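For reference, the chains in residue letters:
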Amino acid sequence: MEYGVLHAEDILPSMTPDICIVNFYTNNGKLGLHQDRDESRESLQKGLPVVSFSIGDSADFLYGVRRNEEEAEWVMLESGDVLIFGGEFRHIFHGVPSILPNSAPKELFRDSGLSPGRLNLTFRQY
Ligand SMILES: O=C(O)CCC(=O)C(=O)O
Ligand SMILES: [Fe+2]
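Reading the values: rules and limits
- Residues numbered from 1 in each chain as written.
- Chains lettered and ligands numbered in written order.
- Predicted model: local features only at pLDDT ≥ 70, side-chain atom pairs only at ≥ 80, totals over all residues.
- Heavy atoms only, no water.
- Near = heavy atom within 4 Å.
- Polar contact = N/O pair within 3.5 Å; in protein donor to acceptor, adjacent residues only side chain to side chain.
- Areas by Shrake-Rupley, 256 points an atom, 1.4 Å probe, with all protein chains shown as cover.
- Helix = DSSP H or I, 4+ residues; strand = E, 2+ residues; numbered from the N terminus.
- Nonpolar A, V, L, I, M, F, W, Y, C, P; charged D, E, K, R; others polar.
- Salt bridge = Lys/Arg side-chain N within 4 Å of Asp/Glu carboxyl O.
- Buried < 20%, exposed > 50% of the residue type's maximum accessible area, 1.4 Å probe, protein only.

Q: Report on the site of ligand 1, specifying residues and quantitative values.
A: Taken together, Asn23, Tyr25, Leu31, His34, Asp36, Phe61, His94, Val96, Arg118, Asn120, Thr122 and Arg124 make up all the residues around ligand 1. With respect to ligand 1, the side chain of Tyr25 contributes an N or O atom lying 2.5 Å from an oxygen atom. Side-chain polar atom of Asp36 to an oxygen atom of ligand 1: 3.1 Å apart, as the coordinates give it. Computed on the free molecule, ligand 1 has an accessible area of 300 Å², of which 93% lies beneath the protein chains in the complex. Elements supplying a minimum of two residues to the shell around ligand 1: strand S1 (19-25), strand S2 (31-34), strand S7 (93-100) and strand S8 (118-124). With four residues, the single largest contributor to the shell around ligand 1 is S8. Among the residues forming the shell around ligand 1, the class breakdown is four nonpolar, five polar and three charged.

Q: An account of the pattern of salt bridges is requested, with residue identities and associated values reported.
A: The tally for this structure, following the rule as stated, stands at six salt bridges. Here Arg124 makes a salt bridge to Asp36, at a shortest N to O gap of 3.3 Å. Separated by 88 residues along the polypeptide, Arg124 in strand S8 and Asp36 in the loop between S2 and helix H1 (41-46) bring together distant segments of the chain. In this pair, the class of Arg124 matches that of Asp36, namely buried. Close ionic contact of Asp111 with Arg110 constitutes a salt bridge, the shortest N to O distance being 2.9 Å.

This is how it looks when you write it as structure tokens:
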């Protein structure tokens, strides 16, 4: 992995998103390790990035080069975090094994009317 990069566009190809996939996780919500490969062959070959926005409760996020939870790396995604993967890591396996209930900023649910849980938006180019 590259560290110390200030701008994702310095290391990833730019894209114009035309797809947004919306996931909503309740307290027991989870998503198994998978690759995002429903986009066009060209998009996948170019490594056009997936841009993922997390809103609401925090989530454990696993990622790795194989579909193996034991080997996977882990990061916590909190409300407001933006995760981007593309380039040589476009085919990385990733998933959400668990949500941390009641971890969102309190004002969020109060002010937005969003149901308790975690909202994730991923933008991609087909
Ligand atoms: O909820 C997330 O952070 C990941 C969502 C995801 O991997 C997907 O929609 O393909
Ligand atoms: Fe995914």
